[in-house]
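This is what each chain is made of:
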Amino acid sequence: MTDGSELILTASRASRTEAGDVAFEDVDACGNWSQCRAVRGTHVKTAYARRIGEDGVARWVPQLSAGRWWAY
């Protein structure tokens, strides 16, 4: 975060808007998606997504700092 703190949030998916805001969503048992948290782009320094590599090892992968993205 831009204030030097860290935020670790587990969600089913995350996205970054053109304005730079990062939204986190979860899905219920019926397949309905709902936003569980949003962070203003001005507060986000860097966003990472946890990915499992081909070697089976989990890693934190930095997301783009500009433009839209989705992470599942």
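Structure first, text after, so check above.
Residues numbered from 1 in each chain as written. Predicted model: local features only at pLDDT ≥ 70, side-chain atom pairs only at ≥ 80, totals over all residues. Heavy atoms only, no water.

A. Quick look at the state of the cysteines. Applying the stated criterion to the full structure yields zero disulfides. Sulfur of Cys30: no disulfide; nearest cysteine sulfur belongs to Cys36 and is 17 Å away. Taking the relative accessible area as the measure of exposure, Cys30 reaches 68% and is therefore exposed. (Disulfide = S-S within 2.5 Å. Buried < 20%, exposed > 50% of the residue type's maximum accessible area, 1.4 Å probe, protein only.)

B. Molecular detail of the environment of Ala66. Here Ala66 shows up in the loop between strand 5 (58-62) and strand 6 (69-71). Overall, the relative accessible area of 54% leaves Ala66 in the exposed class. Taking the C-alpha atoms as reference points, Ala66 and Ala19, 47 residues apart in sequence, are found 8.9 Å from one another. (Helix = DSSP H or I, 4+ residues; strand = E, 2+ residues; numbered from the N terminus.)

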